[in-house]
Amino acid sequence: MLNSGTICWNHVLGRAFIYLMLGAFALYYLIPLFVMVVTSLKPLDEIRSGNLLALPMQPTFEAWGIAWNSACTGVQCNGLQGYFYNSMIMVIPAMLISTLLGAMNGYVLTKWKFPGSNVVFSMLLVGCFIPFQVILLPMAKVLGMIGLAGSLPGLVMVHVIYGLAFTTLFFRNYYITIPDELINAARIDGASFWTTFFKIILPLSTPIIVVSTIWQFTQIWNDFLFGVIYSSGEQQPITVALNNLVNTSTGVKRYNVDMAGAIIAALPTLFVYVVAGKYFVRGLTAGSVKG
Amino acid sequence: MVTKWLERIMPRLVLAPTFVIALVFIHGFILLNAWLSFSSSNLMPKYDWAGFIQYERLFANERTAVAATNLFIFATLFILICLFLGLLMAILLDQRIRGEGVIRTIYLYPMALSFIVTGTAWKWILNPGLGFEKLMHDIGFETFQFDWLVNSEMAIYTVVIAGVWQSSGFVMALFLAGLRGIDESIIKAAQIDGASLPMIYRKIIIPGMRPVFFSAFIILAHIAIKSFDLVMALTGGGPGYSSDLPATFMYTFAFTRGQIGIGAASAMMMLMTVMAVIVPYLYSELRSQRHA
């Protein structure tokens, strides 16, 4: 966008300034991660004597081992591993079910509309906007009534229900761009509701399935609100366990273990983000900027 | 015959579970919560009618004012700083930068982290004895003091720092997408007319991104009002209850103090606040779609 006629020096200075600024911002985002990693690799006395940014003089993975195997999260001292698996057990079914339902809903809402289908959609959309505090108390009662209070299956249910509004929105917005002619042609050829879905719609859905699964994965993995209220004891997800670990006040505060625990809790979403983040951002911005 | 009939009602059959879910778990629950907020519920939920006593208790509680003031401080600073940084970074990144993909990834990765992780990390960095303060002492600023985390006057500002770090990259991505969507030919024409780059941004590009500002504002306002995890991980609402937000207030009263009625009433107030932001937005969205 720069005018090629400008004086060369101005141009060079301008570019240098831009790169300098971009670099400064990059540092701002990277330093906390850097601090987390170096702190997790330091022994405690090095943390007390050295400073935040100092590299570990004797790097050790001891804190990682403690965080994984034996750190105390409240009364229990079995580390984060069990809670890490809990989060996995919770996130995978919740992500798959809400994405599948979202895909089917989006398909009906764009290609098989019936009187009232838009009302259903509007009713569901409210779920994207409400602060969840307003459903917390009734949900606690219902989970208690059906015997799922304090359990992972209960959390899966909650995440499926309140993820549905987002997944339906994603798939609806995507399927609107698929031409109706495609569906009508199939219908004339005698293809049924499900044949059309499996043979025509699903094969075209890869990009939006990627967006929906990544969104649901990060949302559910990172959730704390539902986790802290609807789970208890050994059924807690990793975010709740990490918070307990950091706030457990018995004994000496082990900052290196806290940081190792935080990185462990962050690894799956970071991994997903680095591997597939490009598609995620592309889909997300397309969805939220549009309109 | 049966298959024909089944085929005809299949779309309704598929959407039916979602209809029931929306009706019960969203709308029914909101009504149920509203009822609780008008009941005499304390330790146990009661479904009677007690008028506005829970709201009276809510507003008589001194913590309510603290939480509301904090939300105002946090939301204002969080939204303004995120918008400003996001726009600035997007404009810088839009100047045909080498390594744009890498830089964008760096700006965006905090978004992948949970607020619990972010809060834990910042709690350590802002630790008055060992963190940033000690770093400054080590490099020679012996009298440097930074105790916001444990200072009840300043604790809410540490929440702003961590919140901005987490969310500004996402705003940058929104703005970048908006910048890329602007018609190049208008910019070319302005350049031919001799307009400078800053002028083009100020007069043409930024005004052209009004919808993006709007979307970003809505998303950020929504995040601010719901903010719960970050406060819990960073300050736990403390010292005392000085960094309470409505979301942590609601949690404390409904789930740890057994004041279900007050909790329900505070949740209703949160819902109203969100509605006040969202409804005008949805209204204008729907109107512009009808005109388009």
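Throughout, residues of each chain are indexed from 1 in the direction in which the sequence is written. All chains are assigned letters beginning at A, and all ligands numbers beginning at 1, according to the order in which they are written. With the structure being a predicted model, the display of local features is reserved for residues of pLDDT at least 70 and the display and counting of side-chain atom pairs for 80 or more, all residues being used for whole-chain, interface and lining totals. Remark: hydrogens and water are excluded; side-chain values derive from all non-hydrogen atoms of the structure.

The name an unreviewed UniProt entry gives chain B is Sugar ABC transporter permease, with Thiothrix subterranea as the organism. UniProt positions are given in the numbering used here, feature names are shortened, and annotations may be inferred rather than shown by experiment. Its UniProt record gives chain B a comment under Sequence similarities (unreviewed entry), which states: "Belongs to the binding-protein-dependent transport system permease family." You can read under Subcellular location (unreviewed entry) in the UniProt record for chain B the words "Cell membrane".

An unreviewed UniProt entry lists chain A under the name Carbohydrate ABC transporter permease, from Thiothrix subterranea. Of chain A, the UniProt comment under Subcellular location (unreviewed entry) reads exactly: "Cell membrane". The UniProt entry for chain A carries the following text under Sequence similarities (unreviewed entry): "Belongs to the binding-protein-dependent transport system permease family."

1. Examining the overall build of chain A
The secondary structure listing takes helices from DSSP runs of H or I that are at least 4 residues long and strands from runs of E that are at least 2 residues long, numbered from the N terminus. Counting its regular elements, chain A contains 13 helices and zero strands. For chain A, the N- to C-terminal ordering of α and β elements is α-α-α-α-α-α-α-α-α-α-α-α-α. Here the C-alpha atoms of chain A give a radius of gyration of 24 Å, more than 25% beyond the 19 Å that 2.2 N^0.38 yields for 291 residues. For chain A, the spread of C-alpha atoms along the principal axes amounts to about 75 × 75 × 35 Å. Going through the 291 residues of chain A one by one, you find that 54% of them count as buried. Whether two residues touch is decided by their heavy atoms; if any such pair falls within 4.5 Å, the residues are in contact. Considering only intrachain contacts with a sequence separation of at least 6, the fraction spanning at least 24 residues in chain A is 70%. For the accessible areas, the method is Shrake-Rupley and the probe is 1.4 Å, while residue cover comes only from the protein chains on display. By element, 69% of the accessible surface of chain A is carried by carbon and sulfur atoms, the whole surface being about 12,600 Å². Radius of gyration: over C-alpha atoms. The globule rule applied is 2.2 Å multiplied by the number of residues raised to the 0.38 power. Using a 1.4 Å probe on the protein chains alone, a residue whose accessible area is under 20% of its type maximum counts as buried, one over 50% counts as exposed, and one in between counts as partly exposed.

2. Some words on the interface of chain A and chain B
One frequent convention defines the size of an interface as the accessible area lost when the parts assemble. Opposite the 85 residues of chain A that make contact, chain B presents 96 residues. Buried area is calculated as the accessible area (1.4 Å probe) missing from two parts once they are joined, with the contributions of both summed. A combined buried area of about 8,400 Å² lies between chain A and chain B, and 76% of that area is made up of carbon and sulfur atoms. Any Lys or Arg side-chain nitrogen found within 4 Å of a carboxyl oxygen on Asp or Glu counts as a salt bridge. Counting every contact that joins chain A to chain B gives zero salt bridges. A 3.5 Å cut-off defines polar contacts: any pair of N or O atoms within that distance qualifies, except that in protein one atom must be a possible hydrogen donor and the other a possible acceptor, and neighbouring residues in sequence count only when both atoms are side-chain atoms. Taken together, chain A and chain B are joined by 19 residue pairs in polar contact (both at pLDDT 80 or more). Polar here means any residue other than Ala, Val, Leu, Ile, Met, Phe, Trp, Tyr, Cys and Pro, which are nonpolar, and Asp, Glu, Lys and Arg, which are charged; Gly is therefore polar. A breakdown of the residues in the side of chain A that touches chain B according to their chemical character gives 64 nonpolar, 17 polar and four charged.

3. Regarding the packing of aromatic side chains
Each aromatic ring pair is described using two quantities: the centre-to-centre distance and the angle formed by the ring planes. Stacked, edge-to-face and tilted are the three classes for Phe, Tyr and Trp ring pairs, Trp counted by its six-membered ring, which pair at centre distances within 6.5 Å; planes under 30 degrees apart are stacked, over 60 edge-to-face, the rest tilted. Taken as a whole, this structure holds 41 aromatic pairs over all chains when the rule is applied. Taken together, a centroid distance of 5.3 Å and an interplanar angle of 40° make the contact between B:Phe38 and B:Tyr55 tilted. Pair noted here: B:Phe38 is in the loop between α1 (2-37) and α2 (53-60) and B:Tyr55 is in helix α2, with a separation of 17 residues, a long-range link. Here the two residues B:Phe38 and B:Tyr55 agree in accessibility, since each one is buried. We count a charge as sitting over a ring when the NZ of a lysine or the CZ of an arginine lies within 6 Å of the ring centre and within 35 degrees of the ring normal. It is A:Arg187 that lies over the ring of A:Trp112; its NZ or CZ is 4.0 Å from the centre. One cation-aromatic arrangement involves B:Arg257 over B:Phe253; the distance from NZ or CZ to the ring centre is 5.0 Å.

4. Things to note about the nonpolar core
The nonpolar core is taken to be a set of buried Ala, Val, Leu, Ile, Met, Phe, Trp, Tyr and Cys residues, with the residues joined through side-chain atoms within 4.5 Å. Residues A:Met139, A:Tyr162, A:Phe226, A:Tyr230 and B:Tyr107 are the most contacted members of the largest nonpolar core, which totals 196 residues. Ranked by residues supplied to this core, first place goes to helix α3 (residues 62-93) of chain B with 15 residues. Beyond its immediate sequence surroundings of up to four residues, A:Tyr230 is in contact with A:Ile135, A:Leu136, A:Met139, A:Ala140, A:Leu143, A:Ala149, A:Gly150, A:Ser151, A:Leu155 and A:Val158.

5. What to know about the UniProt feature "transmembrane region" (unreviewed entry) in chain B
All names here are of chain B. The UniProt entry lists residues 12-36, 71-93, 105-125, 154-179, 200-225 and 260-283 under the feature "transmembrane region" (unreviewed entry), expressed in the numbering used here. Between the end C-alpha atoms of residues 71-93 the distance is 32 Å, and the span holds 100% helix and 0% strand. A helix fraction of 96% and a strand fraction of 0% characterise residues 154-179, whose end C-alpha atoms lie 36 Å from each other.

6. Comments concerning the UniProt feature "transmembrane region" (unreviewed entry) in chain A
All names here are of chain A. UniProt feature "transmembrane region" (unreviewed entry): in the numbering of this structure it lies at residues 12-31, 83-107, 119-140, 146-171, 192-215 and 259-281. From the first C-alpha to the last, residues 119-140 spans 27 Å; its make-up is 86% helix and 0% strand. The span residues 192-215 carries 79% helix and 0% strand; its end-to-end C-alpha distance comes to 31 Å.

7. Some points on helix α7 (residues 155-180) of chain B
Residues and elements named next belong to chain B. To estimate how far a helix should reach, multiply one less than its number of residues by 1.5 Å. If you check α7, its first and last C-alpha atoms are 38 Å apart, about what 26 residues at 1.5 Å a residue would give, namely 38 Å. To get the bend at a residue, fit one axis to the 7 residues ending there and another to the 7 starting there, then take the angle between the axes. By the largest-angle criterion, Ser 167 marks the main kink of α7, which is about 35°. Judged by how many residues are buried, α7 sits mostly within the fold: 22 of 26 residues are covered.

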